[in-house]
2 protein chains.
Amino acid sequence: MHRTVGIGGATLKRRQIVIIGGGFGGLTAAQTLRNVDADITLIDRTNYHLFQPLLYQVATASLAPSDITAPIRWILRRQLNTTVFLGEVRSVDVARKIVRMDYENREIPYDFLIIAAGSRHAYFGHDQWEPLAPGLKAIEDGSEIRRRFLLAFERAEKSTTEAERDAYLTFVIVGGGPTGVELSGALPTIARKALYPDFRHIDTRTTRVILLEGGPRILPSFPESLASKACRDLGEIGVEVRTSSVVTRIERDAVYIGDERISTRTVFWAAGNAASPIGATLGVPTDRVGRVRVEPDLSIPGHPEVLVAGDMALVERKAEGKPPVPGVAPAANQEGRTAARNVMRLMRGQPTETFRYRNKGDLAAIGRSRAIADLGKVRFSGRLAWFFWLTLHIMYLVGFRNRLSVLLQWMYAYFTYQRGVRLITAAERRGELVPQPPPD
Amino acid sequence: MHRTVGIGGATLKRRQIVIIGGGFGGLTAAQTLRNVDADITLIDRTNYHLFQPLLYQVATASLAPSDITAPIRWILRRQLNTTVFLGEVRSVDVARKIVRMDYENREIPYDFLIIAAGSRHAYFGHDQWEPLAPGLKAIEDGSEIRRRFLLAFERAEKSTTEAERDAYLTFVIVGGGPTGVELSGALPTIARKALYPDFRHIDTRTTRVILLEGGPRILPSFPESLASKACRDLGEIGVEVRTSSVVTRIERDAVYIGDERISTRTVFWAAGNAASPIGATLGVPTDRVGRVRVEPDLSIPGHPEVLVAGDMALVERKAEGKPPVPGVAPAANQEGRTAARNVMRLMRGQPTETFRYRNKGDLAAIGRSRAIADLGKVRFSGRLAWFFWLTLHIMYLVGFRNRLSVLLQWMYAYFTYQRGVRLITAAERRGELVPQPPPD
């Protein structure tokens, strides 16, 4: 079962398919190619697939990082045509058909390339806000937000003035999309129920959670009726929702909306993403957030052998009178599948197929036992939507162990109001990117 | 329930008991004082109690950090005379009866002080080895060893030469005490069973695990018969045990025993501990590893109001013809209890009691389904000892959630041979010690 051909070296006889990214798009692409007679190399800079829809639960101390991750090579262990390469891609040379790695400056040649390197939260001209207002994309982001959230209460407990204490007990979330809503919706209950008995000098029930949205309403991707239901729900839970509130400045101890100053020591960023910088190395047009404008078959202009899937792809739907395909997990899965199928078609000399997004629905959890669901024809909210949300997320999690563990943690949290993962560990940075001391 | 007296400030009427450390010694001391009419402040630099006996299972990807930790303030939430202070102690001024903190240079006054700040792995004159051979004491150490262990296989998979590959597949553990034995005993099975199907370019069954012990035999704290049983077991599992092998040099890609060079990229340190540096600030005699030489009642010479418990205390037993009390969890628990009782006696004006260590037994797990147990009169090994080991560790874990989670992970690992926590995250450092960016 061990191939003799080295990665990125030696003579290559079988066709080489390279996939960049082990998220929803890349992993689905690899799995779709499971029976192809080719050498598939899946590259990722982490060793795990991350179930991003539940990342906010790591940030809120409900789930452990290991609950929502699974090693990519473990997921693909039985797929013998596929090898996994842990490393960071620096650039793609579409002319020479080579992927350049950071690791030892390796070059990995390809006949077909599927790029699904995802996106990262972005500050759009305000990069100085990043250390002050961390975003939520990677597992380390989840740990970092958890750390700041828990640490704020520790510091409030040690405060010597009321103003300092109140600032530590005020949490501001910037961005009213699903991430901002799910993150802010989880915080008040934890503060009021789980943490309240543990402190002696502060009353955690006075915690303020403020959700700031620049646009006129939260959850713009949802129908108006569900979004306003969500807004009411958030209010009842204890989140102060403020729309048309554009953040103009973030400082160490405050957020500004124009002239208005909100004293806070903890700000989280959920206001926007930018595509992986790999897109910019392809030499094809990208949009404002770095997404690659793909052809209808997901290939890039002039290079049918290079396809893009997931958050990195800008798939227009102007002909249908709709906005571009959204950057959500189901879209990434569908794009990954189509990209892989088109590679198979190209290998067989067949014409490629056009990608069509089938929107199966949108879901967002709002705190404990509430959610909103938009399944196109059917829209519902409340406890039923929440149960639907739970079931779907458990179903789509990879691996029996993870499903069982998440189920148990949720039952524990539901019945006890406690949170199981309340350890404050150090600021983390991305896995492989941190050189092993001493550096190789 | 919220006290109006600020930490380290304001007028103090009730007597102030300060406990440094939320490990076994400090936590037991706090719990023993639960009904005392005094203000108790427990200081720790992390927000959690760590169940150290299972830390090697975090290092070997079997358990998640959250499985073996519980927030100290959560454990003590119902003990209303006790407040928890997250922070690092810089020094103790026994003359002024004050604990100096790093946090805002705070000073915390005490009437009675129990110091149980534990120990840290130490390199005894070879501090330059620390980055090359991490030890296993804090939760971040566990994550770091896990990271290096898993990363070594990733790098082996990408190796371009056989020598490089073999070096990445060689793991050296320095130190044949219980930690070294438990750590090394877990690695071969993981490499051979859990990881084997996942790799394409390497055969993980060729992994070498070498345990180096400087003394004439491993597990010197155990009876000779059990130690040699453990040694045979380790050999059968696939650990190369080498006694009388003193490490003389560690480099980026090799370990030296005198002139002999062992090519390896991954070395773990389990060869010794040094007590917390807080002991050195007390102005009383300490031993070679920084332990405080305590009086029979665990107080320090000249200061009956200052008591030391756990790994930091050097409790001689010369009168009994025995070596000093060992630095194990049961000893720390017993010392914490006696220290707390002696504080209560001092408060009542009674004479203090002498500490007597009751050794209930020693246990060490050796890989999958083997262990050794020395219960004094009874000694046994094999599967029964392993089952005994499992039961005891589950019983002593804090919190229902942790127990259930650990039990499930163990069942999963036992039946599938898989390891559930295989994510490689960044090098971590200690919680509160890393300044929150931007620094306060």
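Structure: above.
Residues numbered from 1 in each chain as written. Chains lettered and ligands numbered in written order. Predicted model: local features only at pLDDT ≥ 70, side-chain atom pairs only at ≥ 80, totals over all residues. Heavy atoms only, no water.

Peer 1: Just to check I follow, could you spell out the packing of aromatic side chains for this structure?
Peer 2: Aromatic ring pairs are reported here in terms of the distance separating the ring centres and the angle at which the planes meet. Within the structure shown, the criterion is met by 26 aromatic pairs over all chains. Ring pairing ties together the aromatic residues A:Phe149, A:Phe153, A:Phe171 and A:Phe199, which thus form one cluster. Lying across the ring of A:Phe85, B:Lys158 places its NZ or CZ 4.9 Å from the centre. A cation over an aromatic ring shows up here: B:Lys158 above the ring of A:Tyr103, its NZ or CZ 3.6 Å from the ring centre. (Phe/Tyr/Trp six-rings, centres within 6.5 Å; stacked < 30°, edge-to-face > 60°. Lys NZ or Arg CZ within 6 Å of the ring centre and 35° of its normal.)

Peer 1: In this structure, what is going on with a nonpolar patch on the surface? I would like to understand it.
Peer 2: Together, A:Leu375, A:Val378 and A:Phe388 line one region of the surface with nonpolar side chains, adding up to about 210 Å² of accessible area. What makes A:Phe388 partly exposed here is its relative accessible area of 30%. (Patch = residues over 30% accessible without salt bridge, like charges linked within 9 Å, V, L, I, M, F, W, Y side chains within 5 Å. Areas by Shrake-Rupley, 256 points an atom, 1.4 Å probe, with all protein chains shown as cover. Salt bridge = Lys/Arg side-chain N within 4 Å of Asp/Glu carboxyl O. Buried < 20%, exposed > 50% of the residue type's maximum accessible area, 1.4 Å probe, protein only.)

Peer 1: What exactly am I supposed to notice about the pairing of strand S6 (residues 89-93) of chain B here?
Peer 2: On a regular strand, one side chain projects to one face of the sheet and the next to the other, so that they alternate. Residues and elements named next belong to chain B. Counting buried positions along S6 yields four of five residues, so the element is predominantly enclosed. Two strands pair when backbone bridges link them, and S6 and strand S7 (residues 98-101) are joined in this way by four bridges, in the antiparallel orientation. When the sheet's bridge partners are listed, Val-89 is paired in S7 with Met-101. What sits between the antiparallel neighbours S6 and S7 is a turn of four residues, in which Lys-97 has the positive phi angle 55°. (Helix = DSSP H or I, 4+ residues; strand = E, 2+ residues; numbered from the N terminus. Pairing = 2+ DSSP bridges.)

Peer 1: I tried to follow the environment of B:Gly180 on my own but got confused; where do I start?
Peer 2: Residue position: B:Gly180 is located in helix H6 (residues 178-194). Other than its neighbours up to four places away in sequence, B:Gly180 contacts B:Ile173, B:Gly175, B:Leu211 and B:Ala270. (Contact = heavy atoms within 4.5 Å.)

Peer 1: Explain the pattern of salt bridges here, please?
Peer 2: Once their charged atoms are close, side chains differing in charge can pair, the charge on each being opposite to the other. Counted by the stated rule, this structure contains 64 salt bridges over all chains. Here A:Arg90 and A:Asp102 are joined by a salt bridge, their closest N and O atoms 3.0 Å apart. Residue A:Arg90 is found in strand S6 (residues 89-93), and its partner A:Asp102 is found in the loop between strand S7 (98-101) and strand S8 (107-109); the two are separated by twelve residues along the sequence. With a shortest N-O distance of 3.1 Å, B:Arg147 and B:Glu144 are connected by a salt bridge. Within this pair, B:Arg147 and its partner B:Glu144 are both found in helix H4 (residues 139-157), separated by three residues, close to a single helical turn. Exposure class is identical for B:Arg147 and B:Glu144. Each is buried. One continuous salt-bridge network, built from bridges that share partners, spans A:Asp93, A:Arg96, A:Arg100 and A:Glu107.

Peer 1: I tried to follow the sheet that holds strand S17 (residues 266-269) of chain B on my own but got confused; where do I start?
Peer 2: Whenever strands of a sheet pair, they do so through backbone hydrogen bonds, lying parallel or antiparallel. Residues and elements named next belong to chain B. The parallel open sheet is built from four strands, whose spatial order is S13-S12-S11-S17. Lying at the two open borders of the sheet, with one neighbouring strand each, are strand S13 (239-242) and S17. Taken over all neighbouring pairs, the strand axes of this sheet differ in orientation by 20° on average, direction set aside. When strand S12 (residues 208-212) meets S13, the two strands line up parallel, connected through four bridges. Directly across from Leu-212, in S13, lies its bridge partner Arg-242. (Axes fitted to C-alpha atoms, helices over the stretch in contact; angles between N-to-C directions.)

Peer 1: In this structure, what is going on with the environment of B:Ala70? I would like to understand it.
Peer 2: Residues and elements named next belong to chain B. Tracing the sequence through the fold places Ala-70 in strand S4 (residues 69-71). Separated by 23 residues in the primary sequence, Ala-70 and Asn-47 place their C-alpha atoms 8.3 Å from one another. Filtering out sequence-adjacent residues up to four positions away, Ala-70 remains in contact with Asn-47, Tyr-48, His-49, Ile-75, Val-398 and Asn-402.

Peer 1: Explanation requested: helix H8 (residues 329-347) of chain A in the structure shown.
Peer 2: Side chains that are three or four residues apart share a direction in an α-helix, a result of its 3.6 residues per turn. Residues and elements named next belong to chain A. When the terminal C-alpha atoms of H8 are compared, their 27 Å separation across 19 residues agrees well with the 27 Å that a helix rising 1.5 Å per residue should span. Taking burial as the measure, the 19 residues of H8 include 14 buried ones, the bulk of the element. One or two steps after H8, the chain reaches Gly-349, where phi turns positive at roughly 75°. (Expected span 1.5 Å × (residues − 1).)

Peer 1: How should unusual backbone geometry be read in this particular structure?
Peer 2: For residues other than glycine, phi is negative in most cases, and the peptide bonds are mostly trans. In this model, A:Phe124 sits at a positive phi of 45°, which is unusual for a non-glycine residue. Secondary-structure assignment places A:Phe124 in the loop between strand S10 (119-121) and helix H4 (139-158). We classify A:Phe124 as partly exposed; its relative accessible area is 37%. At B:Glu104, a position not held by glycine, the phi torsion is positive, near 55°. Tracing the sequence through the fold places B:Glu104 in the loop between S7 and strand S8 (107-109).

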